[in-house]
Amino acid sequence: MSETDTVEETTTEEYQFLQVEVDDQGIAWLEINRPKALNALNADVLDELRDAMVELVSYEDVLAIVITGAGDKAFVAGADITQFVDMEPAEARAMSQNGQDVMATIEASPIPVIAMINGFALGGGLELAMACHLRVASTNAKLGLPEVSLALIPGFAGTQRLARLASPGVAREWILTGDMYSAEQAMAVGVVNRVVAPEELRESTAKLAKTIIKRGPVAVATALEVIRRGLEVGQTEGENIEADCFGFLFSTEDQKEGAAAFLAKRAPEFQGR
Ligand code: CO8
């Protein structure tokens, strides 16, 4: 799709804790809206996040998703701590698994999901950001996994994702200290992709989304899948998945269009098939 093309606006379901808007470029802006609790994730917010992801990826004209937090203070300040009072071990385990499942739904999206980190991204909030495919942070963002301060550990797959996204050493430092880190520190260890001034956050995030939207959509979805599945297996198996998917892409019209457009020195017009 060329930069000037637009898609028809999509109207989404109403949610209690989410504001969802799809713009005329096909970017769905999904805002977690509990600013008084710094957008903390309770069970209802998690359910809505799952529902919204399922809904948004079902629309043909939604081409990218941006997840962010309402207000100017927080992306998401974690799981809702008020839920932890009197929680039994079995209930906590089930809640952890439910949250992991929501994060996995986000990560499995065939269209790119970008976390736009506009403030605190702590605990479950950072876990949510790490489940997104890319992260753009404002210079005023603070990131960390402070669960040990509550005598807990991350429970929405943060122990696993941080060790893979940054390194096991970084994961141990962040998780064991529970400290907060600046956006620049997070970028230095690979936790965020870009750091921009607060007033440039939305535009920079949109620009990143629009760049990806212009590429071959089937190739983008396939790349996301190969990277995700490859992280679950050993290198040899990962390379087999890559070769299978590389081969598959030669059955798409977009692949023919990509090569033809390159040779004709014109912009490609991908159809997503
Ligand atoms: N849960 C519930 N309420 C919260 C949360 C939260 N995580 N974070 C902030 N709030 C509320 C505050 O209680 C406060 O409410 P009120 O105005 O009613 O008193 C309001 O948001 C504003 O917060 P503060 O007044 O504290 O704002 P400050 O600017 O002073 O501080 C901080 C901001 C530093 C972000 C501070 O609010 C804070 O430390 N928050 C908690 C951060 C945290 O520990 N997050 C990790 C939570 S645990 C977690 O995420 C585990 C995930 C895995 C769960 C697995 C399932 C069982």
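Everything quoted here is computed from the prediction, not taken from an experiment.

Draft legend 1. Fine view of the site of the ligand. Not every one of the 25 residues close to the ligand is listed here, only the nearest: Lys73, Ala77, Ala79, Ile81 and Gly124. One of the side-chain nitrogen or oxygen atoms of Lys73 is found 2.6 Å away from an oxygen atom of the ligand. Note that an oxygen atom of the ligand is positioned 2.8 Å from one of the backbone N or O atoms of Gly124. Protein contact buries 64% of the 1,100 Å² of open area that the ligand shows by itself. Broken down by secondary-structure element, the contributors of at least two residues to the shell around the ligand are α2 (89–107), β6 (120–122) and α3 (124–131).

Draft legend 2. The environment of Gly272, seen in detail. Within the secondary structure, Gly272 is located in the segment after α10 (253–263). Under the relative-accessibility criterion, Gly272 is labelled partly exposed at 36%. Once the C-alpha coordinates of Gly272 and Glu203 are considered, the two residues, 69 residues apart in sequence, prove to be 25 Å apart. Each residue touching Gly272, except ones within four places of it in the same chain, is listed here: Pro217, Val218 and Asp254.

Rules and cut-offs
Residues numbered from 1 in each chain as written. Predicted model: local features only at pLDDT ≥ 70, side-chain atom pairs only at ≥ 80, totals over all residues. Heavy atoms only, no water. Near = heavy atom within 4 Å. Polar contact = N/O pair within 3.5 Å; in protein donor to acceptor, adjacent residues only side chain to side chain. Areas by Shrake-Rupley, 256 points an atom, 1.4 Å probe, with all protein chains shown as cover. Helix = DSSP H or I, 4+ residues; strand = E, 2+ residues; numbered from the N terminus. Buried < 20%, exposed > 50% of the residue type's maximum accessible area, 1.4 Å probe, protein only. Contact = heavy atoms within 4.5 Å.

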